[in-house]
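# Fold and geometry: a report
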Amino acid sequence: MLFDSHAHYNDKKFDPDRDELLSSMPENNVGLIMNSCSSLDEVPLIFDICEKYPFVYASVGIHPHEVENVTEDDMTRLKEYAKNPKVRAIGEIGLDYYYDFSPRDVQKKWFARQVEAAKELNMPVIIHDRDAHKDCMDILRDCNVSEAGGVFHCYAGSVDMAREILDWGMYIAFGGTLTFKNSVRPVEVARYVPLDRIVIETDSPYLTPVPHRGKRNSSLYVHYVAEKLAEIRGMSAEEIENITYENAKRCFKME
Ligand code: NI
(Lines give C-alpha, C1' and ligand atoms only; values in the text may rest on other atoms or scores of the structure.)
Protein backbone atom coordinates (compact mmCIF):
# COMPACT_ATOMS: atom_id res chain seq x y z
CA MET A 1 0.00 0.00 0.00
CA LEU A 2 1.22 3.51 -0.85
CA PHE A 3 1.14 6.70 1.23
CA ASP A 4 1.40 9.87 -0.84
CA SER A 5 2.79 12.21 1.80
CA HIS A 6 2.28 15.45 -0.17
CA ALA A 7 -0.47 16.39 -2.64
CA HIS A 8 -2.74 19.37 -3.34
CA TYR A 9 -6.19 18.02 -4.27
CA ASN A 10 -7.73 21.43 -3.58
CA ASP A 11 -5.85 22.72 -6.66
CA LYS A 12 -8.17 23.92 -9.43
CA LYS A 13 -6.45 21.57 -11.89
CA PHE A 14 -8.49 18.83 -10.17
CA ASP A 15 -11.83 20.62 -10.55
CA PRO A 16 -12.92 18.62 -13.62
CA ASP A 17 -12.45 15.14 -12.11
CA ARG A 18 -11.51 15.43 -8.42
CA ASP A 19 -14.16 12.97 -7.20
CA GLU A 20 -13.58 10.42 -9.91
CA LEU A 21 -9.84 10.50 -9.29
CA LEU A 22 -9.96 10.32 -5.47
CA SER A 23 -12.57 7.55 -5.57
CA SER A 24 -10.17 5.45 -7.63
CA MET A 25 -7.30 5.60 -5.09
CA PRO A 26 -8.12 2.55 -2.92
CA GLU A 27 -8.42 0.21 -5.91
CA ASN A 28 -5.06 1.52 -7.16
CA ASN A 29 -3.14 0.64 -4.01
CA VAL A 30 -3.02 4.22 -2.67
CA GLY A 31 -3.95 3.82 0.99
CA LEU A 32 -3.33 7.25 2.49
CA ILE A 33 -2.80 10.81 1.24
CA MET A 34 -1.61 13.93 3.06
CA ASN A 35 -3.17 16.98 1.43
CA SER A 36 -0.75 19.85 1.91
CA CYS A 37 -2.06 23.39 2.43
CA SER A 38 -0.58 26.60 0.98
CA SER A 39 -2.94 29.30 2.22
CA LEU A 40 -5.69 29.46 4.83
CA ASP A 41 -8.24 30.29 2.13
CA GLU A 42 -7.79 26.73 0.85
CA VAL A 43 -8.79 25.15 4.15
CA PRO A 44 -12.60 24.90 3.67
CA LEU A 45 -12.20 22.93 0.42
CA ILE A 46 -9.43 20.78 1.95
CA PHE A 47 -11.74 19.94 4.88
CA ASP A 48 -14.56 19.06 2.45
CA ILE A 49 -12.23 16.63 0.67
CA CYS A 50 -11.07 15.10 3.98
CA GLU A 51 -14.64 14.62 5.11
CA LYS A 52 -15.59 12.84 1.93
CA TYR A 53 -12.52 10.60 1.72
CA PRO A 54 -11.46 8.88 4.96
CA PHE A 55 -7.99 8.17 3.55
CA VAL A 56 -7.21 11.86 2.93
CA TYR A 57 -5.63 13.80 5.80
CA ALA A 58 -4.61 17.46 5.89
CA SER A 59 -2.02 19.94 6.95
CA VAL A 60 -2.76 23.61 7.59
CA GLY A 61 -0.20 26.30 6.99
CA ILE A 62 0.89 29.24 4.91
CA HIS A 63 3.38 28.71 2.06
CA PRO A 64 6.22 31.26 1.72
CA HIS A 65 4.60 32.52 -1.52
CA GLU A 66 1.51 33.55 0.45
CA VAL A 67 2.92 35.21 3.59
CA GLU A 68 3.18 38.82 2.46
CA ASN A 69 -0.10 39.98 4.02
CA VAL A 70 -0.32 37.54 6.91
CA THR A 71 -1.45 38.97 10.27
CA GLU A 72 -1.64 37.79 13.88
CA ASP A 73 -5.32 37.00 13.25
CA ASP A 74 -4.21 34.44 10.67
CA MET A 75 -2.13 32.67 13.31
CA THR A 76 -5.23 32.45 15.50
CA ARG A 77 -7.19 31.09 12.52
CA LEU A 78 -4.47 28.53 11.80
CA LYS A 79 -4.55 27.25 15.38
CA GLU A 80 -8.36 27.00 15.24
CA TYR A 81 -8.22 25.02 11.99
CA ALA A 82 -5.58 22.72 13.49
CA LYS A 83 -8.20 21.41 15.93
CA ASN A 84 -9.93 19.51 13.11
CA PRO A 85 -9.17 15.83 13.77
CA LYS A 86 -8.06 15.32 10.15
CA VAL A 87 -5.26 17.88 10.54
CA ARG A 88 -1.98 16.12 11.29
CA ALA A 89 0.71 18.68 10.38
CA ILE A 90 1.55 22.35 10.00
CA GLY A 91 2.59 23.12 6.44
CA GLU A 92 3.69 23.68 4.00
CA ILE A 93 5.87 26.32 5.55
CA GLY A 94 9.37 27.49 4.76
CA LEU A 95 11.34 29.73 2.44
CA ASP A 96 11.35 30.14 -1.32
CA TYR A 97 14.23 32.27 -2.63
CA TYR A 98 13.82 30.94 -6.16
CA TYR A 99 10.59 32.83 -6.85
CA ASP A 100 10.89 35.40 -4.02
CA PHE A 101 7.15 36.13 -4.24
CA SER A 102 7.25 37.50 -0.69
CA PRO A 103 10.07 39.63 0.80
CA ARG A 104 12.67 37.42 2.47
CA ASP A 105 12.44 39.01 5.92
CA VAL A 106 8.66 38.47 5.85
CA GLN A 107 9.12 34.85 4.76
CA LYS A 108 11.55 34.24 7.62
CA LYS A 109 9.28 35.85 10.22
CA TRP A 110 6.19 33.77 9.42
CA PHE A 111 8.19 30.60 8.89
CA ALA A 112 9.58 30.84 12.43
CA ARG A 113 6.17 31.76 13.83
CA GLN A 114 4.57 28.71 12.23
CA VAL A 115 7.28 26.38 13.54
CA GLU A 116 6.56 27.78 17.00
CA ALA A 117 2.83 27.19 16.45
CA ALA A 118 3.52 23.57 15.45
CA LYS A 119 5.47 23.03 18.67
CA GLU A 120 2.66 24.55 20.68
CA LEU A 121 0.14 22.27 18.94
CA ASN A 122 2.43 19.24 19.23
CA MET A 123 2.26 18.67 15.47
CA PRO A 124 4.94 17.89 12.89
CA VAL A 125 5.91 20.44 10.22
CA ILE A 126 6.01 20.06 6.42
CA ILE A 127 8.95 22.09 5.12
CA HIS A 128 9.21 23.82 1.74
CA ASP A 129 12.80 24.95 1.05
CA ARG A 130 13.69 26.23 -2.38
CA ASP A 131 17.14 27.78 -2.84
CA ALA A 132 17.12 28.85 0.80
CA HIS A 133 18.98 26.02 2.52
CA LYS A 134 21.11 28.10 4.88
CA ASP A 135 18.38 30.39 6.23
CA CYS A 136 15.94 27.49 6.40
CA MET A 137 18.31 25.39 8.48
CA ASP A 138 19.23 28.37 10.71
CA ILE A 139 15.57 29.02 11.52
CA LEU A 140 14.78 25.36 12.18
CA ARG A 141 17.81 25.07 14.43
CA ASP A 142 16.97 28.27 16.34
CA CYS A 143 13.36 27.15 16.76
CA ASN A 144 14.34 23.70 18.07
CA VAL A 145 12.32 21.97 15.37
CA SER A 146 13.23 18.62 16.93
CA GLU A 147 10.45 19.31 19.44
CA ALA A 148 7.94 19.26 16.56
CA GLY A 149 9.45 16.80 14.08
CA GLY A 150 8.17 16.58 10.55
CA VAL A 151 9.29 16.22 6.98
CA PHE A 152 11.36 18.02 4.35
CA HIS A 153 9.11 17.91 1.31
CA CYS A 154 10.71 17.28 -2.12
CA TYR A 155 14.16 17.30 -0.54
CA ALA A 156 16.76 19.10 -2.67
CA GLY A 157 19.62 19.58 -0.21
CA SER A 158 22.93 17.82 0.28
CA VAL A 159 23.85 14.69 2.22
CA ASP A 160 25.45 16.91 4.89
CA MET A 161 22.29 18.90 5.33
CA ALA A 162 20.25 15.67 5.46
CA ARG A 163 22.47 14.47 8.31
CA GLU A 164 21.45 17.41 10.51
CA ILE A 165 17.75 17.03 9.56
CA LEU A 166 17.93 13.36 10.55
CA ASP A 167 19.57 14.32 13.84
CA TRP A 168 16.46 16.42 14.53
CA GLY A 169 14.36 13.27 14.12
CA MET A 170 12.80 14.46 10.87
CA TYR A 171 11.92 12.58 7.67
CA ILE A 172 13.13 13.21 4.12
CA ALA A 173 10.58 13.08 1.28
CA PHE A 174 11.37 12.14 -2.31
CA GLY A 175 9.06 12.87 -5.21
CA GLY A 176 8.99 12.99 -8.99
CA THR A 177 12.31 14.84 -9.24
CA LEU A 178 14.05 11.62 -8.13
CA THR A 179 12.99 10.02 -11.43
CA PHE A 180 14.29 12.85 -13.66
CA LYS A 181 17.23 11.99 -15.85
CA ASN A 182 19.47 14.79 -14.53
CA SER A 183 18.71 13.90 -10.91
CA VAL A 184 22.14 13.34 -9.35
CA ARG A 185 21.99 14.84 -5.86
CA PRO A 186 18.58 13.42 -4.88
CA VAL A 187 19.82 9.95 -5.88
CA GLU A 188 22.92 10.44 -3.73
CA VAL A 189 20.74 11.46 -0.77
CA ALA A 190 18.30 8.59 -1.41
CA ARG A 191 21.21 6.19 -1.10
CA TYR A 192 22.23 7.75 2.22
CA VAL A 193 19.02 8.30 4.22
CA PRO A 194 18.21 5.43 6.65
CA LEU A 195 15.24 3.39 5.44
CA ASP A 196 13.13 4.27 8.45
CA ARG A 197 13.29 8.00 7.62
CA ILE A 198 12.26 8.03 3.96
CA VAL A 199 8.79 8.99 2.77
CA ILE A 200 7.47 9.40 -0.76
CA GLU A 201 5.21 12.00 -2.34
CA THR A 202 3.88 13.42 -5.57
CA ASP A 203 3.28 17.15 -4.88
CA SER A 204 0.31 16.67 -7.22
CA PRO A 205 -0.62 18.32 -9.52
CA TYR A 206 3.06 19.32 -9.94
CA LEU A 207 6.40 17.53 -10.41
CA THR A 208 5.07 14.55 -12.35
CA PRO A 209 7.50 11.61 -12.38
CA VAL A 210 8.95 9.99 -15.48
CA PRO A 211 7.38 8.51 -17.67
CA HIS A 212 4.48 10.98 -17.36
CA ARG A 213 6.60 14.11 -16.88
CA GLY A 214 4.81 17.15 -18.30
CA LYS A 215 1.31 15.85 -17.59
CA ARG A 216 -0.80 16.62 -14.52
CA ASN A 217 0.42 14.61 -11.53
CA SER A 218 -1.75 12.55 -9.15
CA SER A 219 -1.20 10.02 -6.38
CA LEU A 220 -1.72 7.30 -8.98
CA TYR A 221 1.88 8.03 -10.01
CA VAL A 222 3.50 7.82 -6.56
CA HIS A 223 4.44 4.20 -7.29
CA TYR A 224 7.02 5.46 -9.83
CA VAL A 225 8.87 7.13 -6.96
CA ALA A 226 8.74 3.88 -4.94
CA GLU A 227 10.09 1.95 -7.93
CA LYS A 228 12.96 4.40 -8.43
CA LEU A 229 13.86 4.21 -4.74
CA ALA A 230 13.71 0.41 -4.89
CA GLU A 231 16.17 0.48 -7.79
CA ILE A 232 18.53 2.82 -5.88
CA ARG A 233 18.37 0.76 -2.68
CA GLY A 234 18.42 -2.66 -4.33
CA MET A 235 15.09 -3.69 -2.84
CA SER A 236 11.66 -4.60 -4.16
CA ALA A 237 9.14 -1.84 -4.83
CA GLU A 238 6.72 -3.56 -2.48
CA GLU A 239 9.20 -3.40 0.39
CA ILE A 240 9.76 0.32 -0.24
CA GLU A 241 5.99 0.91 -0.43
CA ASN A 242 5.40 -0.77 2.91
CA ILE A 243 8.32 0.89 4.66
CA THR A 244 7.47 4.40 3.42
CA TYR A 245 3.79 3.85 4.29
CA GLU A 246 4.66 3.04 7.89
CA ASN A 247 7.20 5.89 8.03
CA ALA A 248 4.67 8.49 6.90
CA LYS A 249 2.13 7.20 9.42
CA ARG A 250 4.72 7.58 12.17
CA CYS A 251 5.80 11.02 10.91
CA PHE A 252 2.20 12.31 11.02
CA LYS A 253 1.40 10.51 14.29
CA MET A 254 -1.32 8.33 12.81
CA GLU A 255 -0.63 5.30 14.97
NI1 NI B 1 3.45 21.28 -2.21
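Residues numbered from 1 in each chain as written. Predicted model: local features only at pLDDT ≥ 70, side-chain atom pairs only at ≥ 80, totals over all residues. Heavy atoms only, no water.

### Considerations on helix 8 (residues 222-233)
An ideal rise of 1.5 Å per residue puts 16 Å on 12 residues; helix 8 measures up with 17 Å between its terminal C-alpha atoms. Within helix 8, the full set of buried residues consists of Val222, Tyr224, Val225, Ala226, Leu229, Ala230 and Ile232. Those residues of helix 8 that are buried are in contact with strand 1 (2-7), strand 7 (171-174), helix 7 (185-192), strand 8 (198-200) and helix 9 (237-251). Gly234, located one to two residues past helix 8, shows a positive phi value of around 65°. (Helix = DSSP H or I, 4+ residues; strand = E, 2+ residues; numbered from the N terminus. Expected span 1.5 Å × (residues − 1). Buried < 20%, exposed > 50% of the residue type's maximum accessible area, 1.4 Å probe, protein only. Contact = heavy atoms within 4.5 Å.)

### So, the packing of helix 7 against helix 8
With their axes 9 Å apart at the nearest point, helix 7 and helix 8 run at an angle of 65° to one another. Judged by the angle between their axes, helix 7 and helix 8 are roughly perpendicular. For the crossing formed where helix 7 meets helix 8, the hand is right-handed. Listed contacts from helix 8 to Val187, Ala190, Arg191 and Tyr192 of helix 7 are Leu229, Ile232 and Arg233. Grouping the constituent residues of the contact of helix 7 with helix 8 by class yields five nonpolar, no polar and two charged. (Axes fitted to C-alpha atoms, helices over the stretch in contact; angles between N-to-C directions. Parallel < 35°, antiparallel > 145°, perpendicular 65-115°, else oblique. Left-handed = near helix turned anticlockwise from the far one by under 90°. Nonpolar A, V, L, I, M, F, W, Y, C, P; charged D, E, K, R; others polar.)

### Concerning the pattern of salt bridges
On inspection of all chains with the given rule, the structure shows 17 salt bridges. For Lys108, the salt bridge identified is with Asp135, shortest N-O distance 3.6 Å. Remark: Asp135 occurs in helix 5 (residues 133-142) and Lys108 occurs in helix 4 (residues 104-121); sequence separation between them is 27 residues. Ionic pairing is found between Lys119 and Glu147, a salt bridge with its closest N-O pair at 3.8 Å. Taken together, the positions of Lys119 in helix 4 and Glu147 in the loop between helix 5 and strand 6 (150-152) put the pair 28 residues apart, joining distant regions of the chain. Owing to a relative accessible area of 51%, Glu147 belongs among the exposed residues under this scheme. (Salt bridge = Lys/Arg side-chain N within 4 Å of Asp/Glu carboxyl O.)

### Thoughts on the environment of Tyr155
The residue Tyr155 is located in the loop between strand 6 and helix 6 (159-167) in this model. Separated by 17 residues in the primary sequence, Tyr155 and Ile172 place their C-alpha atoms 6.3 Å from one another. Excluding its chain neighbours within four sequence positions, the residues that come into contact with Tyr155 are Met161, Ala162, Ile165, Ile172, Ala173 and Val189. Within the structure, the side chain of Tyr155 is placed 3.0 Å from the backbone nitrogen of Ala162, a separation counted as a polar contact. (Polar contact = N/O pair within 3.5 Å; in protein donor to acceptor, adjacent residues only side chain to side chain.)

### Section: the sheet that holds strand 7
With parallel pairing, eight strands are arranged side by side in an open sheet as 1-2-3-4-5-6-7-8. In this open sheet, the two edge strands, each paired with only one partner strand, are strand 1 and strand 8. Here the average twist between neighbouring strands, direction ignored, is 30°. Direction of pairing for strand 2 (residues 30-35) relative to strand 3 (residues 56-60): parallel, over a ladder of three bridges. Paired with Ile33 across the two strands is Val56, which belongs to strand 3. Contacting strand 2, strand 3 and strand 4 (87-96), helix 2 (residues 43-52) runs over the sheet at an angle of about 160° to strand 3. This element, helix 8, spans strand 1, strand 7 and strand 8 of the sheet and lies at about 145° to strand 8. (Pairing = 2+ DSSP bridges.)

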